[in-house]
Amino acid sequence: MKSLLLTLFLIASAAFAQNNAAPKAPPTDAQKSFEAMKTLAGTWEGKLTTTPPAPEVQDKIARVSLRVTSSGNAVMHEITIPGREDDPITMFYLDGDRLTLTHYCDAGNRPRMTGKLSADGKTLDFTFLDISGEMKYHMHHSVITAIDANHHTEDWTFMVGDQPVIAHFDLQRKN
C-alpha cells in the first residue's frame, strides 16, 4: 500500500511540476532570422550577374552551399564560381540578441554584418557592423530573399574603395 501511495505521489508531483514550469519565451527576432537562414541549407546553383559588369564572373553559373553545422549553432555558406580559385566562406550565427555573419573574404579581411528578417519573413537584410583587416576592398551589405522552398536570390555588395559592386545570384535548389 505504501508503494502505491508513493507511486501516486510521484506521478502527481511530476504532473504538477510540468504544469507549473515557466512558459517558454517566444523566439526573439534574431532567433526567427536564424531559423529562416537554416531553411536554406542545401546546394544551390544559378546565374551570377554584377553591377557594374565584372567580365571574369558575369553570367557564370555559381554554386552556393549552405550547411547547418556546430550542433545547429552556425550556418556555413560557400560560393564556388568556375574559373575562380577562391571559395569565399561566410558563417552565420547568433551573437546575443542579433543574427551576425562573418565573411571570410578573398580580399584578406573579415567583415561582420548584422541581419534582420523582413516582416513577411522572406528577406534577410545584413548591414555592415565592423571589419577585421584592410577596409579598402570589403563586403559591405547582403540581402538574401526566399522566393519559395527551391528558389532564392542573394545580393552581395562589395566595396572597391568607395565604389559598390553588386553581385546578384539567382539560385535554384539542387538538393
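Sequence order sets the numbering: in each chain, residues are counted from 1 along the sequence as written. A pLDDT threshold of at least 70 governs which residues receive local features in this predicted model, and a stricter bar of 80 or more applies before side-chain atom pairs are shown or counted, although totals over entire chains, interfaces and linings include all residues. Only hydrogens and water are set aside when side-chain values are computed; all heavy atoms of the structure are taken into account.

Counting its regular elements, the chain contains two helices and ten strands. Taken from the N to the C terminus, the helices and strands of the chain come in the order α-α-β-β-β-β-β-β-β-β-β-β. For the exposure calls, accessible area comes from a 1.4 Å probe over protein chains only, and a residue counts as buried if that area is under 20% of its type's maximum, exposed if over 50%, partly exposed in between. By residue count, 33% of the 175 residues in the chain fall in the buried class. Contacts are assigned to residue pairs that have any heavy atoms within 4.5 Å of one another. A fraction of 35% describes how many contacts in the chain between residues 6 or more apart in sequence connect residues 24 or more apart. Each accessible area value is a Shrake-Rupley result obtained with a 1.4 Å probe; residue values ignore everything except the protein chains displayed when judging cover. Only carbon and sulfur atoms are counted for the fraction: they give 58% of the accessible area of the chain, which is about 10300 Å². Only runs of H or I of at least four residues qualify as helices and only runs of E of at least two qualify as strands under DSSP, and these elements are numbered from the N terminus.

Attention now goes to the environment of I166. Residue placement: I166 occurs in strand 10 (residues 163-173). Taking the relative accessible area as the measure of exposure, I166 reaches 34% and is therefore partly exposed. C-alpha of I166 to C-alpha of W156: the two residues are ten residues apart in sequence and 5.6 Å apart in space. If we ignore the near neighbours within four places in the chain, the residues touching I166 are T49, T50, T51, D155, W156 and T157.

Residues of helix 2 (residues 29-38) that are buried: A30, S33, F34, A36 and M37. Buried residues along helix 2 cover an arc of 155 degrees about the axis, so they all sit on one side. The directions from the helix axis to the C-beta atoms form the arc being described.

So, on to unusual backbone geometry. Excluding glycine, residues mostly carry a negative phi; peptide bonds, for their part, are mostly trans. A cis geometry characterises the amide bond from T51 onward to P52, with omega recorded as -5 degrees. Here P52 shows up in the loop between strand 1 (42-51) and strand 2 (61-69). Notably, S70 is not glycine yet its phi reads approximately 55 degrees, a positive angle. Overall, the relative accessible area of 46% leaves S70 in the partly exposed class. Positive phi is not limited to glycine here, since S71 has a value of about 55 degrees. By secondary structure assignment, the location of S71 is in the loop between strand 2 and strand 3 (74-80). Given the relative accessible area of 77%, S71 is considered exposed.

Another point: the pattern of salt bridges. Basic side-chain nitrogens of Lys or Arg form a salt bridge, by our definition, when they fall within 4 Å of a carboxyl oxygen of Asp or Glu. Tallied over the full model, the rule gives eight salt bridges. With a shortest N-O distance of 3.3 Å, E35 and K38 are connected by a salt bridge. A residue pair is termed a helical-turn pair when its members lie 3 or 4 positions apart in one helix, as E35 and K38 do in helix 2 at three residues. K38 sits in the partly exposed class, given a relative accessible area of 22%. Here the salt bridges do not stand alone but share partners, grouping D95, R98, R112 and D130 into one network.

Attention now goes to the pairing of strand 9 (residues 151-160). In terms of burial, strand 9 is largely enclosed, as seven of its ten residues are buried. Across ten bridges, the pairing between strand 8 (residues 137-148) and strand 9 is antiparallel. Across the sheet, residue M139 finds its bridge partner in strand 9, namely F158. Paired strands, in this sense, are two strands between which DSSP finds at least two bridges. Between strand 8 and strand 9, which pair antiparallel in sequence order, lie two residues.

With antiparallel pairing, ten strands are arranged side by side around a closed barrel as 1-2-3-4-5-6-7-8-9-10. Ignoring which end each strand starts from, the neighbouring axes of this sheet average 25 degrees apart. Taken strand by strand, helix 2 contacts strand 2, strand 3, strand 4 (89-95), strand 5 (98-104), strand 6 (110-117), strand 7 (123-132) and strand 8, and its axis lies near 145 degrees from that of strand 4. Axis lines are fitted to C-alpha atoms, over the contacting stretch for helices. Their N-to-C directions set the angle, which ranges from 0 to 180 degrees.

Among the structural elements, D106 can be located in the loop between strand 5 and strand 6. Overall, the relative accessible area of 45% leaves D106 in the partly exposed class. Sequence separation of D106 and D86 is 20 residues, and the distance between their C-alpha atoms is 6.6 Å. Engagement of the side chain of D106 in a polar contact is seen with the side chain of R84, the distance being 2.9 Å. Definition of a polar contact: a pair of N or O atoms within 3.5 Å, with one able to donate and the other able to accept a hydrogen when the atoms are protein atoms, and with sequence-neighbouring residues admitted only if both atoms are side-chain atoms.

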